[in-house]
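# Structural features, examined
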Amino acid sequence: MITDVNMDIKDIQIQLEKMRQAFLVQLPQRMRMMESELLEIQEAIQEEKSDLLHDLLTQAYRSAHSLTGAGGTFGLQEVTESARELEDVLSHFMQSNTHLDNQDYTAILGQFGKLKTVVTATYESKF
Amino acid sequence: MNTRPLKKLLYVEDEIDIQTVAKLALEAIGGFTLHVCSSGHDAVAQAEAFAPDLILLDVMMPGMDGPTTLAALRLLPNLTETPVIFMTAKVQAQEVAQYLVLGAAGVIAKPFDPMTLSDKVIQIWHSVTEKSAA
(Lines give C-alpha, C1' and ligand atoms only; values in the text may rest on other atoms or scores of the structure.)
Protein backbone atom coordinates (compact mmCIF):
# COMPACT_ATOMS: atom_id res chain seq x y z
CA MET A 1 0.00 0.00 0.00
CA ILE A 2 1.24 3.47 -0.86
CA THR A 3 0.63 6.00 1.87
CA ASP A 4 -0.05 9.60 0.94
CA VAL A 5 1.64 11.79 3.54
CA ASN A 6 -0.72 14.65 2.65
CA MET A 7 -3.84 12.80 3.80
CA ASP A 8 -5.99 14.62 6.32
CA ILE A 9 -7.35 12.99 9.45
CA LYS A 10 -10.68 12.14 7.83
CA ASP A 11 -8.93 10.39 4.92
CA ILE A 12 -6.77 8.50 7.40
CA GLN A 13 -9.80 7.33 9.33
CA ILE A 14 -11.42 6.18 6.08
CA GLN A 15 -8.27 4.26 5.19
CA LEU A 16 -8.17 2.66 8.64
CA GLU A 17 -11.79 1.60 8.31
CA LYS A 18 -11.05 0.02 4.92
CA MET A 19 -8.15 -1.91 6.49
CA ARG A 20 -10.40 -3.00 9.31
CA GLN A 21 -13.01 -4.25 6.86
CA ALA A 22 -10.37 -6.16 4.92
CA PHE A 23 -9.20 -7.77 8.17
CA LEU A 24 -12.77 -8.72 9.07
CA VAL A 25 -13.32 -10.32 5.67
CA GLN A 26 -10.25 -12.50 6.24
CA LEU A 27 -11.37 -13.72 9.67
CA PRO A 28 -13.21 -16.91 8.59
CA GLN A 29 -10.17 -17.96 6.53
CA ARG A 30 -7.88 -17.33 9.50
CA MET A 31 -10.08 -19.47 11.71
CA ARG A 32 -10.09 -22.31 9.16
CA MET A 33 -6.29 -22.15 9.04
CA MET A 34 -6.05 -22.30 12.82
CA GLU A 35 -8.48 -25.21 12.87
CA SER A 36 -6.30 -27.18 10.48
CA GLU A 37 -3.23 -26.38 12.59
CA LEU A 38 -5.01 -27.77 15.64
CA LEU A 39 -5.97 -30.90 13.70
CA GLU A 40 -2.30 -31.45 12.95
CA ILE A 41 -1.62 -31.27 16.69
CA GLN A 42 -4.37 -33.81 17.31
CA GLU A 43 -2.91 -36.14 14.69
CA ALA A 44 0.55 -35.85 16.20
CA ILE A 45 -0.85 -36.75 19.62
CA GLN A 46 -2.82 -39.70 18.30
CA GLU A 47 0.08 -41.00 16.24
CA GLU A 48 2.49 -40.34 19.15
CA LYS A 49 4.71 -38.10 17.02
CA SER A 50 5.87 -36.12 20.01
CA ASP A 51 8.92 -34.82 18.13
CA LEU A 52 6.57 -32.77 15.92
CA LEU A 53 4.51 -31.35 18.73
CA HIS A 54 6.67 -28.40 19.72
CA ASP A 55 6.80 -27.06 16.16
CA LEU A 56 3.08 -27.59 15.67
CA LEU A 57 2.27 -25.87 18.96
CA THR A 58 4.59 -23.00 17.99
CA GLN A 59 2.82 -22.64 14.66
CA ALA A 60 -0.60 -22.54 16.32
CA TYR A 61 0.74 -20.12 18.94
CA ARG A 62 1.96 -17.75 16.23
CA SER A 63 -1.44 -17.80 14.55
CA ALA A 64 -3.14 -16.97 17.85
CA HIS A 65 -0.54 -14.27 18.54
CA SER A 66 -1.12 -12.79 15.10
CA LEU A 67 -4.85 -12.58 15.76
CA THR A 68 -4.22 -11.05 19.19
CA GLY A 69 -2.12 -8.24 17.73
CA ALA A 70 -4.11 -7.54 14.61
CA GLY A 71 -7.48 -7.77 16.37
CA GLY A 72 -6.46 -5.16 18.90
CA THR A 73 -5.01 -2.87 16.27
CA PHE A 74 -8.36 -2.89 14.51
CA GLY A 75 -10.27 -2.25 17.73
CA LEU A 76 -11.69 -5.77 18.11
CA GLN A 77 -10.99 -6.07 21.81
CA GLU A 78 -13.03 -9.22 22.43
CA VAL A 79 -11.22 -11.06 19.64
CA THR A 80 -7.89 -9.95 21.06
CA GLU A 81 -8.73 -11.08 24.58
CA SER A 82 -9.98 -14.47 23.47
CA ALA A 83 -7.01 -15.03 21.13
CA ARG A 84 -4.67 -14.12 23.99
CA GLU A 85 -6.29 -16.75 26.20
CA LEU A 86 -5.63 -19.33 23.47
CA GLU A 87 -2.03 -18.06 23.27
CA ASP A 88 -1.69 -18.64 27.01
CA VAL A 89 -2.97 -22.22 26.80
CA LEU A 90 -0.67 -23.03 23.86
CA SER A 91 2.26 -21.31 25.57
CA HIS A 92 1.69 -23.43 28.69
CA PHE A 93 1.95 -26.64 26.68
CA MET A 94 4.95 -25.34 24.72
CA GLN A 95 6.82 -24.62 27.95
CA SER A 96 5.73 -27.67 29.91
CA ASN A 97 7.83 -29.79 27.58
CA THR A 98 5.82 -32.90 28.30
CA HIS A 99 3.97 -35.28 26.06
CA LEU A 100 0.50 -34.03 25.35
CA ASP A 101 -2.46 -36.34 25.74
CA ASN A 102 -6.06 -36.16 24.58
CA GLN A 103 -7.08 -34.29 27.73
CA ASP A 104 -4.52 -31.57 26.97
CA TYR A 105 -5.77 -31.36 23.41
CA THR A 106 -9.32 -31.01 24.70
CA ALA A 107 -8.17 -27.99 26.74
CA ILE A 108 -6.66 -26.40 23.62
CA LEU A 109 -9.72 -27.20 21.55
CA GLY A 110 -12.00 -25.78 24.24
CA GLN A 111 -10.17 -22.48 24.19
CA PHE A 112 -10.19 -22.43 20.39
CA GLY A 113 -13.96 -23.07 20.50
CA LYS A 114 -14.41 -19.99 22.67
CA LEU A 115 -12.31 -17.93 20.26
CA LYS A 116 -14.30 -19.20 17.31
CA THR A 117 -17.55 -18.19 19.01
CA VAL A 118 -16.22 -14.67 19.62
CA VAL A 119 -14.86 -14.35 16.09
CA THR A 120 -18.07 -15.64 14.52
CA ALA A 121 -20.17 -13.21 16.56
CA THR A 122 -17.83 -10.35 15.63
CA TYR A 123 -17.92 -11.27 11.95
CA GLU A 124 -21.68 -11.65 11.85
CA SER A 125 -22.23 -8.35 13.63
CA LYS A 126 -20.22 -6.52 10.97
CA PHE A 127 -21.75 -8.08 7.83
CA MET B 1 23.37 10.35 21.73
CA ASN B 2 21.76 12.57 19.06
CA THR B 3 20.26 16.00 18.56
CA ARG B 4 18.89 15.59 15.06
CA PRO B 5 15.17 15.86 14.33
CA LEU B 6 13.39 12.55 14.03
CA LYS B 7 12.80 11.74 10.37
CA LYS B 8 13.77 8.22 9.39
CA LEU B 9 12.24 5.20 11.09
CA LEU B 10 13.10 1.57 10.53
CA TYR B 11 10.09 -0.53 11.47
CA VAL B 12 10.51 -4.28 11.98
CA GLU B 13 7.29 -6.29 12.20
CA ASP B 14 6.36 -9.65 10.73
CA GLU B 15 2.58 -9.15 10.71
CA ILE B 16 1.40 -7.65 7.42
CA ASP B 17 -1.86 -6.31 8.86
CA ILE B 18 -0.02 -4.47 11.63
CA GLN B 19 2.66 -3.24 9.20
CA THR B 20 -0.03 -1.69 7.02
CA VAL B 21 -1.70 0.15 9.88
CA ALA B 22 1.61 1.32 11.34
CA LYS B 23 2.73 2.53 7.93
CA LEU B 24 -0.37 4.68 7.63
CA ALA B 25 0.04 5.94 11.20
CA LEU B 26 3.73 6.78 10.95
CA GLU B 27 3.83 8.17 7.41
CA ALA B 28 0.48 9.94 7.03
CA ILE B 29 0.02 11.04 10.64
CA GLY B 30 3.62 11.30 11.85
CA GLY B 31 5.13 12.45 8.57
CA PHE B 32 8.11 10.13 9.01
CA THR B 33 10.09 8.42 6.30
CA LEU B 34 9.54 4.76 6.99
CA HIS B 35 11.38 1.64 5.92
CA VAL B 36 9.59 -1.58 6.83
CA CYS B 37 11.29 -4.95 7.32
CA SER B 38 9.34 -8.16 7.87
CA SER B 39 12.01 -9.96 9.86
CA GLY B 40 15.03 -9.42 12.05
CA HIS B 41 17.23 -10.85 9.32
CA ASP B 42 15.93 -8.29 6.81
CA ALA B 43 16.46 -5.51 9.35
CA VAL B 44 20.08 -6.48 9.95
CA ALA B 45 20.68 -6.71 6.19
CA GLN B 46 19.04 -3.37 5.35
CA ALA B 47 19.47 -1.13 8.38
CA GLU B 48 22.89 0.32 7.61
CA ALA B 49 21.92 1.38 4.10
CA PHE B 50 18.74 3.07 5.35
CA ALA B 51 20.54 4.73 8.28
CA PRO B 52 17.50 5.25 10.52
CA ASP B 53 17.25 7.87 13.24
CA LEU B 54 15.23 5.42 15.31
CA ILE B 55 14.22 1.76 15.14
CA LEU B 56 10.85 0.25 16.07
CA LEU B 57 11.18 -3.44 16.82
CA ASP B 58 8.44 -5.99 17.34
CA VAL B 59 9.46 -8.31 20.18
CA MET B 60 7.87 -11.55 19.08
CA MET B 61 8.85 -12.53 15.57
CA PRO B 62 9.65 -15.93 14.07
CA GLY B 63 13.36 -16.56 13.52
CA MET B 64 15.14 -13.61 15.11
CA ASP B 65 12.98 -12.09 17.82
CA GLY B 66 13.21 -8.43 18.84
CA PRO B 67 15.93 -8.75 21.49
CA THR B 68 18.06 -10.96 19.21
CA THR B 69 17.63 -8.46 16.37
CA LEU B 70 18.63 -5.60 18.67
CA ALA B 71 21.81 -7.43 19.67
CA ALA B 72 22.65 -8.04 15.99
CA LEU B 73 21.93 -4.42 15.03
CA ARG B 74 24.24 -3.20 17.78
CA LEU B 75 27.12 -5.01 16.08
CA LEU B 76 26.72 -2.83 12.99
CA PRO B 77 29.14 0.12 13.18
CA ASN B 78 26.61 2.85 12.34
CA LEU B 79 23.88 1.52 14.60
CA THR B 80 25.63 1.14 17.92
CA GLU B 81 23.65 3.98 19.48
CA THR B 82 20.54 4.32 17.33
CA PRO B 83 17.57 4.43 19.73
CA VAL B 84 15.37 1.36 19.64
CA ILE B 85 11.76 1.10 20.78
CA PHE B 86 10.30 -2.33 21.44
CA MET B 87 6.67 -2.93 20.50
CA THR B 88 5.04 -5.68 22.48
CA ALA B 89 1.90 -6.86 24.23
CA LYS B 90 4.01 -7.85 27.24
CA VAL B 91 4.23 -4.59 29.13
CA GLN B 92 4.19 -5.52 32.80
CA ALA B 93 6.67 -3.46 34.82
CA GLN B 94 9.16 -6.31 35.12
CA GLU B 95 9.00 -7.02 31.39
CA VAL B 96 9.47 -3.35 30.48
CA ALA B 97 12.44 -3.15 32.88
CA GLN B 98 13.99 -6.13 31.13
CA TYR B 99 13.64 -4.47 27.71
CA LEU B 100 15.33 -1.33 29.04
CA VAL B 101 18.18 -3.44 30.44
CA LEU B 102 18.61 -4.89 26.95
CA GLY B 103 19.15 -1.36 25.67
CA ALA B 104 15.73 -0.23 24.49
CA ALA B 105 15.00 3.49 24.72
CA GLY B 106 11.36 2.73 25.44
CA VAL B 107 8.47 0.36 24.96
CA ILE B 108 5.17 0.88 23.12
CA ALA B 109 2.31 -1.42 24.04
CA LYS B 110 0.56 -3.52 21.42
CA PRO B 111 -2.07 -3.28 20.24
CA PHE B 112 -1.38 0.38 19.56
CA ASP B 113 -3.78 3.16 18.67
CA PRO B 114 -2.88 4.21 15.09
CA MET B 115 -3.96 7.78 15.79
CA THR B 116 -1.51 8.23 18.69
CA LEU B 117 1.36 5.95 17.67
CA SER B 118 3.45 8.78 16.22
CA ASP B 119 3.02 10.86 19.38
CA LYS B 120 4.31 7.99 21.50
CA VAL B 121 7.33 7.57 19.24
CA ILE B 122 8.06 11.31 19.45
CA GLN B 123 7.74 11.25 23.26
CA ILE B 124 10.35 8.52 23.54
CA TRP B 125 12.58 10.29 21.01
CA HIS B 126 12.42 13.47 23.11
CA SER B 127 13.29 11.56 26.26
CA VAL B 128 16.36 10.14 24.50
CA THR B 129 17.36 13.56 23.22
CA GLU B 130 16.95 15.16 26.65
CA LYS B 131 19.06 12.47 28.30
CA SER B 132 21.85 12.91 25.77
CA ALA B 133 21.77 16.69 26.20
CA ALA B 134 21.92 16.47 30.03
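Note: the structure precedes this text.
If you're wondering where the values come from, they're calculated on a predicted model, not measured in any experiment. Just so you know, the residues in each chain are numbered from 1, in the order the chain's sequence is written. Chains and ligands are labelled by the order in which they are written, letters from A for the one and numbers from 1 for the other. Only residues with pLDDT of 70 or above have their local features reported here, since the model is predicted, and side-chain atom pairs are shown and tallied only from 80 upward, although totals for entire chains, interfaces and linings are computed over all residues.

### Some thoughts on the overall build of chain A
A tally of helices and strands in chain A yields four helices and zero strands. In DSSP terms, a helix is any run of H or I states spanning at least four residues, a strand is any run of E spanning at least two, and both are numbered starting from the N terminus. In chain A, the succession of α and β elements from N to C terminus is α-α-α-α. Along the three orthogonal principal directions, the C-alpha set of chain A runs to about 55 × 30 × 20 Å. Here chain A holds 127 residues, and the buried ones make up 31% of them. Each residue gets a C-beta atom placed from its backbone, and two residues are in contact if those atoms lie within 7 Å. Restricting the contact set of chain A to residue pairs at least 6 apart, pairs at least 24 apart contribute 63%. Residue burial is a threshold on neighbouring C-beta atoms within 10 Å of the residue's own C-beta, all placed from the backbone, with 20 or more meaning buried, 12 or fewer meaning exposed, and counts in between meaning partly exposed.

### Considerations on the interface of chain A and chain B
Accessible area lost when the parts come together is the quantity often used to give the size of an interface. Tallying the contact residues gives 19 residues for chain A and 18 residues for chain B. For the side of chain A that touches chain B, the secondary-structure elements that each account for two or more residues are helix 1 (9–46) and helix 2 (50–73) of chain A. The biggest single contributor to the side of chain A that touches chain B is helix 2 of chain A, with eight residues.

### Thoughts on the environment of L70 of chain B
Residues and elements named next belong to chain B. Inspection of the secondary structure puts L70 in helix 3 (residues 66–73). Assessed through the 23 C-beta atoms surrounding it within 10 Å, L70 is described here as buried. Counting along the chain gives 58 residues from L70 to V128, while the straight-line C-alpha distance between them is 17 Å.

### Quick notes on the pairing of strand 2 (residues 33–37) of chain B
Residues and elements named next belong to chain B. Two strands pair when backbone bridges link them, and strand 1 (residues 8–12) and strand 2 are joined in this way by five bridges, in the parallel orientation. Residue L10 lies in a different strand from strand 2, and its bridge partner there is H35. Once the chain exits strand 1 it traverses helix 1 (residues 16–29) before rejoining the sheet at strand 2, and the crossover so formed is right-handed. Whether two strands pair depends on DSSP finding at least two bridges between them. Place the viewer so that the strands point away; then a crossover is right-handed whenever the path from the first strand over the helix to the second strand goes clockwise.

### A few points about the packing of helix 2 of chain A against helix 3 (residues 77–96) of chain A
Residues and elements named next belong to chain A. Interaxial distance between helix 2 and helix 3 falls to 8 Å at its minimum, and their mutual angle equals 160°. One finds that helix 2 runs roughly antiparallel with respect to helix 3. For helix 2 against helix 3, the interelement crossing comes out left-handed. Here H54, L57, T58, A60, Y61, A64, H65, L67, T68, G71 and G72 of helix 2 lie close against helix 3, whose contacting residues are Q77, V79, T80, A83, R84, L86, E87, L90, S91, F93 and M94. Ten residue types, Ala, Val, Leu, Ile, Met, Phe, Trp, Tyr, Cys and Pro, are classed as nonpolar, four, Asp, Glu, Lys and Arg, as charged, and the remainder, Gly among them, as polar. Each residue belonging to the contact of helix 2 with helix 3 can be placed in one class, and the counts come to eleven nonpolar, nine polar and two charged. Axis geometry follows a simple rule: fit a line to the C-alpha atoms, using only the stretch in contact for helices, then measure angles between N-to-C directions, giving values from 0 to 180 degrees. Should an angle lie under 35 degrees it is considered roughly parallel, over 145 roughly antiparallel, and from 65 to 115 roughly perpendicular; all remaining angles are considered oblique. The hand of a helix crossing depends on one turn: near helix anticlockwise from the far one by less than a right angle means left-handed, and clockwise means right-handed.

### Re the environment of D55 of chain A
Residues and elements named next belong to chain A. Mapped onto the elements of the fold, D55 is located in helix 2. Looking at D55, the number of C-beta atoms within 10 Å reads 12, which means it is exposed. Along the chain, D55 and S66 lie eleven residues apart, while their C-alpha atoms are 16 Å from each other.

### Some thoughts on the pairing of strand 4 (residues 84–88) of chain B
Residue and element names in this part refer to chain B. The element strand 4 is largely enclosed, with a buried count of four among its five residues. As paired elements, strand 3 (residues 54–58) and strand 4 share four bridges and run parallel to each other. Counterpart to I55 in the pairing with strand 4 is V84. Chirality of the crossover, the property in question, places the unit of strand 3, helix 3 and strand 4 among those that are right-handed. Sheet topology note: the strand 4/strand 5 (residues 106–109) ladder contains four bridges and is parallel. Looking at strand 5, one finds that M87 is bridged to I108. Read from strand 4 through helix 4 (residues 93–101) to strand 5, the crossover connection turns out right-handed.

### Looking at the packing of helix 1 of chain A against helix 4 (residues 102–126) of chain A
Residues and elements named next belong to chain A. Closest axis-to-axis distance for the helix 1/helix 4 pair is 10 Å, and the angle between their directions is 170°. By the angle between their axes, helix 1 is roughly antiparallel relative to helix 4. Residues L24, L27, P28, M31, M34, L38, I41, Q42 and I45 of helix 1 form the contact with helix 4, whose participating residues are N102, Y105, I108, L109, F112, K116, V119, Y123 and K126. A breakdown of the residues in the contact of helix 1 with helix 4 according to their chemical character gives 14 nonpolar, two polar and two charged.

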